[in-house]
Amino acid sequence: MKYPDFAYVRPASLGEALDCLQKYGDSAIPLAGGQSLLATLAMRLSSPEILVDITGLTELSEIAREGDTIRIGALVKHVQLLQSPIVRGATPLFTAALPHVAHVAIRNRGTFGGSLAFADPAAELPACLVALGGTLVLGSSAGRREIGAEDFFTGLLETDLRPGELILEARVPAQAPGSRWNFSELSRRHGDFPLAGLAAVMSPMSEARLVYLGCADRPKLATATAGMLRGASYPLKDVPGLAAALAEDLDPADTPGCSAETRLQLAGTLTYRVLNDLQEIPAR
Amino acid sequence: MSATVKDDAVIGKGFPRKELQRLLRGRGRYVADIKLPRMLHLAFVRSPHPHARIVDIQTAEALASPGVVGVYIGKEFTDSEPLVGIALHRRGHKSAPQYPMAVDRAVWQGQPVAAVVAETRAEAEDAAELVQVEWEELPAITSGEEAVAPDAKAIHPEIGDNLAFEHTISVNDPEKTLAQSHIVVEQSFRFERQTGLPLETRGMIADWNPGDESLTVHYAHQSPFQMQEIFSRHLGIPPLKIRVIAPDVGGGFGIKLNIYGEDLAVVMIARRLGRPVKFISDRLESLVSDAHARDHDIVAKMGVSAEGRITSMWLDDLGAVGAYGMPFRFNVAEGMMCITMAGACYDFSSYWGRTRSVYVNKNLVGMYRGVGIPLACIVTEVLADKAARQLGMDPADFRRLNHRRKEDLPCVTPNGSQLDTVSFEECFEKVLKLMDYDALRKEQADLRKRGILRGIGLASFVEATSYGPPYYGPSQASISTQDGCTLRLEPAGVVRCITSLTDQGQGTLTGIAQIVAEAVGLSFDQVEVMGNDSAISPYGGGAWASRGMAVGGEAALNAGRALKQNIIALAAAITQNLPEALDIKAGEIVNKESGAAVLSVAELGRIAYFRQDTLPKDADVQLSVTRSFADNHKHYYMANGIQASYVEVDEATGFIKLLGHWAVDDCGRIINPLQVDEQVRGGVVQGIGAVLYEEFMYGPGGGLQNGSLVDYLIPAASEMPDIHVAHVETPERTTQLGAKGIGEAGLIGAMGALWVSVNDALQPLGATVAHQPFTPERVLLAIKAAKAGR
Ligand SMILES: Cc1cc2nc3c(=O)[nH]c(=O)nc-3n(C[C@H](O)[C@H](O)[C@H](O)COP(=O)(O)OP(=O)(O)OC[C@H]3O[C@@H](n4cnc5c(N)ncnc54)[C@H](O)[C@@H]3O)c2cc1C
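Quick notes on the rules
- Residues numbered from 1 in each chain as written.
- Chains lettered and ligands numbered in written order.
- Predicted model: local features only at pLDDT ≥ 70, side-chain atom pairs only at ≥ 80, totals over all residues.
- Heavy atoms only, no water.
- Helix = DSSP H or I, 4+ residues; strand = E, 2+ residues; numbered from the N terminus.
- Rg over C-alpha atoms; globule rule 2.2 N^0.38 Å.
- Buried < 20%, exposed > 50% of the residue type's maximum accessible area, 1.4 Å probe, protein only.
- Contact = heavy atoms within 4.5 Å.
- Areas by Shrake-Rupley, 256 points an atom, 1.4 Å probe, with all protein chains shown as cover.
- Lys, Arg positive; Asp, Glu negative; His and termini not counted.
- Charge placed at Lys NZ, Arg CZ, Asp CG, Glu CD.
- Domains from an automatic or database assignment.
- Buried area = accessible area lost by both parts, 1.4 Å probe.
- Salt bridge = Lys/Arg side-chain N within 4 Å of Asp/Glu carboxyl O.
- Near = heavy atom within 4 Å.
- Polar contact = N/O pair within 3.5 Å; in protein donor to acceptor, adjacent residues only side chain to side chain.

### Some points on the overall build of chain B
Then step 1. Counting its secondary structure elements, chain B contains 20 helices and 29 strands.
Then step 2. For 790 residues, the compact-globule formula gives about 28 Å, and the C-alpha radius of gyration of chain B, at 28 Å, lands near that figure.
Then step 3. Taking the principal axes of its C-alpha atoms as reference, chain B extends roughly 90 × 70 × 45 Å.
Then step 4. Out of the 790 residues belonging to chain B, those deemed buried represent 64%.
Then step 5. In chain B, 80% of the contacts between residues at least 6 apart in sequence involve partners at least 24 apart.
Then step 6. Split by element, the accessible area of chain B, about 28000 Å² in all, is 51% carbon and sulfur.
Then step 7. Charged side chains in chain B number 76 positive and 95 negative. The centres of these two groups are separated by 2 Å.

Put into structure tokens, the structure is as follows:
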């Protein structure tokens, strides 16, 4: 469990980092908190020629509010997000989800951008970002582009990131006044990636956004399920057709120890629990 | 703390482990911390397949890789005496010979096939990736059932078939007794594979000195003497030229008692190179190559009379023990303990049991905490609950009725377990009180009305501790079941103690210090203990089977008493007293009657070592003594206990929440209550891990699917319940010290209690989960099956 040999650079500025990524293309990998990347290196699942350590780019470490938009820098650490009054005030869904992300030691190092880039389908933050309708700002030496979170996650550990590109920040609309939210997941042990999870936001003026984690190859916005719950009366109980809607929205994989069928069943249970509990949480 | 502890007593007090501060300050010295001059690092190439022929191995590229000093393949090591893991006292037990690395064929996934030695571990790993093995995959035998199927191909054709060992016990007409019982309950059980997972992985440095042809091995092991014997026997090195030192060791649980092919390979390579070679197993390797455990299918029945008395038990066990017999430590042990200890706590006389150990294309099964006793406990307790329920009896009443009574002891159970100082009834009544059983039952009933599924589980168990000469002797494995202790009075009046025991974190050496201090008449901090070194201490065993305190403790007690006698004799000569008039208390030699100080032990030490000129001419100064102890005819010291578990099962998710856990143990005399309680708690957590989390999962072709801690789950602190520990103290009758073991009790009872409590919770649904670990999916499937069956 020793890393393969690689070169290491620690650029001092964003421009330098992007140039470096441009120069080395496919053979370079950005290093953020290292909480996912270093494990894959130790297991020799990846062997980059050069690690571009971006943790010195303090310009990517900020959380700011601009009007109704919250900007979260890619290098914002999980702990920072968890403790941020801005986040708690404007996008409390994140605050609710963060205690489920790993453990204290990992939250002290792991970064928001790293979690989005790693794109684990069972990760909490990508699901929350999709639920909140956020946008990612990506940058390369060629310039910047923006992409909706839903389009950014393209598959199992796959995103729309291109070689040479960094996630710079996410722009997240503040939750609408009167909106309600809830987050819950079923993980075997506290801090594990869950078997299934649900990030839910309900706003008075728009359709519920239900994003399931661990139930597809990416965080999955469940539109059929949200549609069939339109106008439902609470508490939900044995909603006919809910299981079918979930089966339409979700596409869990059979994994050792947990079949797709079991995951769907867990997702169903979570739906009732999260949405019924959500009614009890005071609206924003 | 024990009620019997006197103020000046040292035994019975909860001293923290002596090494704790050192370890907590990061000043431990584990094998990985040791750096020897000119030391090299070794990495193994392992078989990725459960069963495959080695067509060709190319090593040239690896050899040319930076830093590489040597690359070795299996067939270069066939000049060693192969390991053959059979117990000679088990008739018919067979195993194919095992070489340090696979030669023509790999028979389990993770088996070493090549070794790369380089200046650093990273370089060795780089080069290991360049070793090119051409494999021809062969069909694998992946389960016990497959192994014994009539058309099964023998993994080792030279031994005929895959049956390693079979043993049947049949006592007092079991068929007829069962047939005549009022009810017969039956259950099948499945236990998945797991391992012991010590925090520190296995590791060793082999240091061959060509100058005097001697071998020093720094080895994270539980039994340095065993390894000295193994290296000598298999590599032809004279025992006097071998020294095995276990430095600080971070947990063993049996994993570091077993013998691995790698052990021999590392030493042989160090000898060839004439340089120290370090091998530290990484976590990925440790999961595939540390001895595995369990992997049993069991079907069992219990016959019960109309009044609720157990009449008979029937138990058929099939254990898939891996691809070879585990050398010295025997893969028959899980099955044998299971069938000989089932039902041991309950009074019945008719029994049928069979165990079969069979070879499969998986890693070897070896010793792991509890060995087969947890299986015996689980099977018995699950059947007991089932029977009680069927008869409409409260499970506690059922146990109260059936526990073996004190007045019937000593006795031998129908399946051959020897019970003497066990205390089933006392432990049982104590745990009911501790947990407030009746209140919990009431709470359970109230919550059931609201659809909340809570379960209560009780599990009585025995723990055969300190397996002795009658067990290991006839196996002819050269395993020493005696232990020794050397004491040396220093001039300052303090004592150095050298024991043949080893300590992997249990606090054994701290307990030994307490025994010595009390036996000599010193305070706790006037004794320093060391162990873990085959060249220094008296010959002995080490750590396994919860034996340290009972066996090595007795040796320490005897040594302490002998030293005290010698000190007193000398003090009497110096002070012109009668020896009978003197005693030693807290480092002072005192007048026995008046308590008046006569001479300090420090002053005596000064005179004895530096002023012999002041002593009488014929004064015999013997201030170093050695005593050894073995209970020549004793199979084991049978300890016992009971545990209780309270859980809630979420019907919709299959998740299990642990609400409370209680353990009452009788390990005889308690030397250090703090260490004993922590042994119990740690064991409970490991037992919970087995029942809820730990499982090696294999795909259809027998390939391991979860070889890292990402998905081989172990218990974590957040999920653990409060664990309440209490004791009953019934001293062992045959020793002076009266201690029995406690190392495995926590795990054994926890597994039993949790199996029962989860199934108790599922009762309203009519569901039974009998496939360990109880994952959410297995619980949901059990519920689904029950609903479909209705
Ligand atoms: C024991 C353990 C438990 C965990 N449990 C959870 C959990 O329950 N939920 C959860 O969500 N996560 C969990 N994690 C993962 C953790 O949250 C990681 O920190 C996170 O997924 C990755 O963030 P990082 O900053 O550590 O990224 P790194 O490990 O440094 O990088 C991960 C990947 O992202 C890329 N990358 C990083 N930053 C950028 C960027 N700005 N632009 C482009 N690419 C980038 C890297 O090149 C790399 O490929 C766990 C980790 C561990 C070790």
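Structure shown, so let's carry the discussion forward.
### Comments concerning the domain arrangement of chain B
When the parts of a complex come together, some accessible area is lost, and that lost area is often taken as the interface size.
All names here are of chain B.
Then step 1. Taken domain by domain, chain B consists of domain 1 (20-27 + 482-629), domain 2 (34-140 + 199-251 + 256-289) and domain 3 (141-191 + 291-391).
Then step 2. The gap between the C-alpha centroids of domain 1 and domain 2 is 40 Å.
Then step 3. Contact residues are listed per partner, giving 20 residues for domain 1 and 17 residues for domain 2.
Then step 4. Where domain 1 abuts domain 2, roughly 1400 Å² becomes buried across the two surfaces, and 49% of that area is made up of carbon and sulfur atoms.
Then step 5. On the domain 1 side of the interface with domain 2, the three residues burying the most area are Gln504, Asn532 and Ser534, jointly 42% of the side's total.
Then step 6. Counting across the domain 1 and domain 2 interface gives two salt bridges.
Then step 7. The residue Arg243 makes a salt bridge to Asp533 at a minimum N-O spacing of 2.5 Å.

### Describing the site of the ligand
Residues and elements named next belong to chain A.
Then step 1. Neighbouring the ligand are 31 residues; Pro30, Gly34, Leu37, Thr111 and Glu124 lie closest to it.
Then step 2. Separating a nitrogen atom of the ligand from a side-chain N or O atom of Glu124 is a distance of 2.6 Å.
Then step 3. Between Ile167 and the ligand, the recorded distance is 2.8 Å, taken from a backbone N or O atom to a nitrogen atom.
Then step 4. The protein chains hide 87% of the 970 Å² of surface that the ligand would expose on its own.
Then step 5. Listing elements by their share of the shell around the ligand, those giving two or more residues are β2 (28-31), α7 (112-118) and β10 (166-173).
Then step 6. It is α7 that provides the largest number of residues to the shell around the ligand, a total of five residues.

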